[in-house]
Amino acid sequence: MNEVPAALASSLVVRPVWRRFAPRFRELAIAFVQAGGFAAVVHSEDRVEALFMVGSDGALLPFAAWAMASIEHAEFTFHGDGSAAGLAFAFLDTDRSWTILDWCERDAVHPGPTRSMRLDCVACTACCQDADVVLDAHDLERFRSHGRGDLAEEGPVWRDAEGYLHLRFKAQRCEQLEPAGTCAIYALRPSSCRAFLPGSEPCLAAREDTLDVRDDTADANGSEDGSE
Ligand code: SF4
Ligand code: SF4
């Protein structure tokens, strides 16, 4: 979500690059992931195995977690030894495989395992448009304890059939998104807005869907080696 205040509008993000590998090049795929990238081992066009690095606790690192969340896939296998030590593997079904291969196609222009890109959230605002922000109990408590109980009531929010509250959007823009691209409730913004990761797959998807900006140009907004 549009997290960066105007004074810090432009920030450098280094994200993993997706690359496809044939199964016989599995060791190269492992080395690519160990260098910071994401690998797709293509057993067939509709059966892809995704490879990631994981943290020392066995949990997915943030960019991997956001990538898997964006395709709603939560199952992976962690390998603790051998050449693949520290990596996780996830076999994906047809639709998810196609999505990963599209990410590989997008990233084919980026030569290294990581992609450095400069993002200006205030100029972008894509994730504050055409989105769905569900509020949790912490959000409601934060609003109320800071004198903005109105944000927890019908009007600024709406309730779905299951009882969950959502921020209201108008003309596909969050009603809290100001014309200048800043968030009117930045200090109180919902948990999901705080957690949103610039440069993650949901971020790239929002930019592509909302702004028609696809990160498939080598020098569009960043360099390829992690430098500015
Ligand atoms: S889509 Fe990404 S770059 Fe755009 S405002 Fe959201 S986090 Fe920032
Ligand atoms: S509350 Fe609305 S404007 Fe503010 S960060 Fe979240 S989606 Fe964006």
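This text follows the structure it describes.
Rules used throughout
Within each chain, residues carry numbers counting from 1 in the order of the written sequence. Labels are handed out in written order, letters beginning with A for the chains and numbers beginning with 1 for the ligands. Side-chain atom pairs in this predicted model are given and counted only at pLDDT of 80 or more, local residue features only at pLDDT of at least 70, and totals for whole chains, interfaces and linings cover all residues. Secondary structure elements are taken from DSSP: a helix is a run of H or I of four residues or more, a strand is a run of E of two residues or more, and numbering for both begins at the N terminus. With C-alpha atoms as the basis for the radius of gyration, the globule rule is written as 2.2 Å multiplied by the number of residues raised to the power 0.38. Three classes are used. A residue is buried when 20 or more other C-beta atoms lie within 10 Å of its own, exposed when 12 or fewer do, and partly exposed in between, with C-beta atoms placed from the backbone. To form a nonpolar core, buried Ala, Val, Leu, Ile, Met, Phe, Trp, Tyr and Cys residues must be joined through C-beta atoms within 7 Å. In this description, a residue-residue contact is defined by the distance between C-beta atoms placed from the backbone, which must lie within 7 Å. Here a strand pair is declared whenever DSSP counts at least two bridges between the two strands. An axis is simply a line fitted to the C-alpha atoms; with a helix, the fit covers only the stretch in contact. Between two such axes, the angle follows the N-to-C directions and lies from 0 to 180 degrees. For classification purposes, angles smaller than 35 degrees are called roughly parallel, those larger than 145 roughly antiparallel, those between 65 and 115 roughly perpendicular, and all remaining angles oblique. Just so you know the grouping, Ala, Val, Leu, Ile, Met, Phe, Trp, Tyr, Cys and Pro go in nonpolar, Asp, Glu, Lys and Arg go in charged, and all remaining residues, Gly too, go in polar. An arc is given here, and it is the one of the directions from the helix axis to the C-beta atoms.

**Student:** What am I meant to see in the overall build of the protein here?
**Tutor:** Secondary structure summary: the protein contains 7 helices and 11 strands in total. Here the C-alpha radius of gyration of the protein, 19 Å, is about what a compact globule of 228 residues would show, namely 17 Å. Each principal axis of the C-alpha atoms in the protein carries an extent, and together these give about 60 × 40 × 30 Å. Scored against the burial criterion, the 228 residues of the protein give a buried share of 33%.

**Student:** Explanation requested: the nonpolar core in the structure shown.
**Tutor:** The tendency in soluble globular proteins is for nonpolar side chains to be buried as a group. Within the largest apolar cluster, 27 residues are counted, with the highest numbers of intra-cluster contacts made by A29, V33, F38, A39, A50, L51 and F52. Of all the secondary structure elements, the ones that give two or more residues to this core are β2 (18-21), α1 (26-34), β3 (38-44), β4 (47-53), α2 (62-70), β6 (87-92) and α3 (94-107). Looking at which element gives the most residues to this core, the answer is α2, with 5 residues. Setting aside residues no more than four positions away along its own chain, L51 makes contact with A29, I30, V33, F38, A39, V41, L87 and F89. Listed in part, the 24 residues of the second largest apolar core include L135, L177, C183 and F196.

**Student:** Explain the pairing of β6 here, please?
**Tutor:** Here is the key point about a regular strand: its side chains alternate between the two faces of the sheet. Pairing analysis gives 6 bridges linking β4 to β6, with the strands arranged antiparallel. Pairing of A50 across the sheet is with A90, part of β6.

**Student:** When you look at the packing of α2 against helix α7 (residues 201-211) in this model, what are you seeing that I'm missing?
**Tutor:** Between α2 and α7, the shortest axis-to-axis distance is 8 Å and the interhelical angle comes to 55°. The orientation of α2 relative to α7 falls into the category oblique. Contact residues: α2 offers W66, A67 and S70, while α7 offers E201, P202 and A205. Among the residues forming the contact of α2 with α7, the class breakdown is 4 nonpolar, 1 polar and 1 charged.

**Student:** Just to check I follow, could you spell out α7 for this structure?
**Tutor:** In an α-helix, one turn spans 3.6 residues, which is why side chains three or four residues apart end up on the same side. Among the residues of α7, those classed as buried are E201, C203, L204 and A206. Buried positions along α7 lie against α2 and α3.

**Student:** For this particular structure, what's the right way to read α1?
**Tutor:** When α1 is considered as a whole, its buried residues turn out to be A29, I30, F32 and V33. The buried side chains of α1 occupy one side of the element, clustering within an arc of 160° when seen end-on. Packing partners of the buried residues in α1 comprise β2, β3, β4 and β6.

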